[in-house]
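The residues making up each chain are set out below.
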Amino acid sequence: MLQAAAAPIVALEQVRKTYNEGLPNAEEVLHGIDLVVQGGEFTALIGPSGSGKSTLLNILGLLEHASGGVFRLGGRDVTSLDDDARTRARHTMLGFIFQFHHLLPAFNSIENVMLPALIGGRLGGSGNEGETARARAAGLLDAVGLQDAHGKKPQELSGGMQQRVAVARSLVLAPQLVLADEPTGNLDTHSSDSIFALLRQFNREQGTAFLIVTHDPRLAARCDRIIELVDGRIAGDRPNQPQAAD
Amino acid sequence: MGALGFEWTVALRFLREGRMQTALIIGGATVGVAVIFFITAVLVGVQSDLIRRVTGSQPHIILKPPEETVSPLIAATPGAPRVASVQARPQRLTTIDGWPVLARQTEATPGVVAIAAVASGSALAIKGDATRSIALLGTDLERYMRVVRLDDKLAQGVLRLEPGDALVGIELARDLGAALGDRFRVQSADGTSQVFLIRGILDLGTRELNRRYVYVDLRAAQSILGIPGRITNIDVAVGDIMRADHIAARLRAQSGQFIETWIQTNQQVFAAITNQNIMTLLIRVFVTIVVALGIASVLVVSVVQKRKEIGILRAIGATRAQMLRVFLLQGAIVGVAGALLGSGLGLLLVSIFSRILRSASGTPLFTLTFDAGLIVIVVVVSAVLGLIAAVLPARNAAHLDPAQAIRG
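Notes on the structure in this doc start here. Only a predicted model underlies this, so the values are computations on that prediction, with no experimental measurement involved. (Residues numbered from 1 in each chain as written. Chains lettered and ligands numbered in written order. Predicted model: local features only at pLDDT ≥ 70, side-chain atom pairs only at ≥ 80, totals over all residues.)

### Structural notes on the overall build of chain A
Stated precisely, the cut-off is as follows: Numbering goes from the N terminus for both helices and strands, where a helix is a DSSP run of H or I of at least four residues and a strand is a run of E of at least two. For the radius of gyration, the atoms used are the C-alpha atoms, and the globule rule reads 2.2 Å times the number of residues raised to 0.38. Working definition of burial: number of other C-beta atoms within 10 Å of the residue's own, with buried at 20 or more, exposed at 12 or fewer, and partly exposed in between, all C-beta atoms being placed from the backbone. Think of it this way: build a C-beta for each residue from its backbone, and any pair within 7 Å is a contact.
When you go through chain A residue by residue, the secondary structure sums to eight helices and 10 strands. Here chain A has a C-alpha radius of gyration of 18 Å; the compact-globule value for 246 residues is 18 Å, and the two agree. If you line up chain A on its principal axes, its C-alpha atoms span 50 × 40 × 40 Å. Residues classed as buried in chain A amount to 45% of the 246 residues present. Look at the contacts in chain A between residues 6 or more apart in sequence, and 69% of them connect residues 24 or more apart.

Dropping the structure here:
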């Protein structure tokens, strides 16, 4: 346990990814990535289109298998876990924010935020845990500024508001790491700034680590660390002094 | 949200979200179930009417003593020439040996619902100048009526057979010029005779029976026919008359008696009923397949439409098994909803058409019977059918690659 607690959240060693492996049209998109992410880090992942950012994020999110190398999540080797074990690890340790907010239209805001808890069977009707999950979801929605939108369906919310719900959802099970794929890519500057500020706030208050894929140099400049991916290789990895006051 | 668990919650929400699709597929299942319900009710009604008319005054199965045969004294040896003339002998009135034991054994046979011991033979009915040849049947009326329904065949009088009472066919009464309460004499070939009072006049459905049948109590028939204490046949009623042959085969094996079933005496009717059953079974099977395909196709479309949502659910921690169950449940829910609505619609159709459709005799062709057991069966079968129909789409949902689904 001590060892696990001390271990970095993410440790990649020589991780490779080849699509269509073994076929004539095989294509290696990640060539030996070494990467360590510590708890509480607020990191930007930048790079041109096609550099492999999304693939790397999917591997980190246990949505795709690496073709080679070793991936440790929270100190545990997850490289060759089966689908169920990967799903459980994803569920307990990771949060996701996608570019196109991706809420379920059949559920209102608070239900969308509670979904991860429902999946884990933590809403056992009137039980304590059910209440806890609902209270936590409500608290998160308040924290992202949606006090008045608990009962609203995604269709009734603006893009920025939907993304706030998605942020709340990614945090409801208190994950150690949130993976965000261009979380503001679809939003205007104002909404984009406030979402980013929210992520920063949760990072500072709760110590949640964030890995944020972004195209926007302005946003990257507000992170503590910037990793640049070019042609499937890490071309730069430097600490950064945030300039804007979040 | 939450009290139902993840799978139920999401399945119900997905169905509710798919409004039109869900309404259409539940509608399809409803119509299918109603059709099956209706066809079954009509078939049962029509067949029981037909069977009632055909087998009305006959037992389903009759046990008789084996016919007497003649065996040549010299057995045939292969290759050896043989000259023999074998003459069939005339049949005497034969009786069943040890019938009380056989009767009990027959009654205990699975599938048999009632039996009656009968002493029957031919005799003459005499009233004044009129003499008619009759079939005399002696039996315990109470038992006999459990084998053959006589109550709906009574034209006049009462169904009662005290010693000295007789029930006669309506044509015979006319031929003898006898009315209810009149007396007439029954005489056997060897001259034994007894006088009976006509208690009831029966319309047995066919001219032949109406002209010849006379029912008296067992003891009287035995003494007239010269077989005191013995009987000539055991009449049997079975629960499922379409299985009369199977039950007869069993009786034949265990009793060694000659067995005759209503099926042998009514080959054509039996064939017609069998064909009808096969046809309706085919219709039911095809309707079932159509409903299952309908459910499956709507769910397949639904999985495609919900690709992204399935991807999200997988990304935020839903397992493959959970996604599988979400879609299996949708199939089952649609099946159960269709079964309940379809049973209701089927009952409504039956109640409407039972007033419109009538048989030749003017009675309703079928009657509305509310069979809760049948509805339970329909609901369970439909739920299972929905589940099976959902297997393919559910597997698609479970094996969706979440990374691709979210990207797409």
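### Focus on the interface of chain B and chain A
Put simply, the rule is: Gly is put with the polar residues, along with every residue not named as nonpolar or charged; the nonpolar set is Ala, Val, Leu, Ile, Met, Phe, Trp, Tyr, Cys and Pro, and the charged set is Asp, Glu, Lys and Arg.
At the interface, 23 residues of chain B touch 27 residues of chain A. Of all the secondary-structure elements, those providing two or more residues to the side of chain B that touches chain A are α1 (5-17), α11 (307-315), α12 (320-356) and α14 (402-407) of chain B. Counting residues per element, the side of chain B that touches chain A draws most heavily on α1 of chain B, at seven residues. Grouping the amino acids of the side of chain B that touches chain A by side-chain chemistry returns 11 nonpolar, six polar and six charged.

### Concerning the packing of helix α2 (residues 19-55) of chain B against α12 of chain B
Residue and element names in this part refer to chain B. The cut-off we apply is this: Convention adopted: a line fitted to C-alpha atoms gives each axis, helices being fitted over their contacting stretch, and angles between N-to-C directions are expressed from 0 to 180 degrees. For classification, angles of less than 35 degrees are called roughly parallel, those exceeding 145 degrees roughly antiparallel, those between 65 and 115 degrees roughly perpendicular, and all remaining angles oblique. When the near helix sits turned anticlockwise from the far one by under a right angle, the crossing is termed left-handed; a clockwise turn instead gives a right-handed crossing.
Between α2 and α12, the shortest axis-to-axis distance is 7 Å and the interhelical angle comes to 45 degrees. As summarised for this structure, α2 and α12 are arranged oblique, according to the angle between their axes. Viewed along their axes, α2 and α12 form a crossing whose handedness is right-handed. In contact with I25, I26, A29, T30, V31, G32, V33, A34, F37, F38 and A41 of α2, α12 contributes V334, G335, A337, G338, A339, L341, G342, S343, L345, G346, L349 and V350. Residues that form the contact of α2 with α12 fall into these classes: 16 nonpolar, seven polar and no charged.

### Some thoughts on helix α3 (residues 83-93) of chain A
Here is the rule: Taking the helix axis as origin, the arc is that swept by the directions to the C-beta atoms.
For α3 of chain A, the set of buried residues is T87, R90 and H91 of chain A. The buried side chains of α3 of chain A occupy one side of the element, clustering within an arc of 95 degrees when seen end-on.

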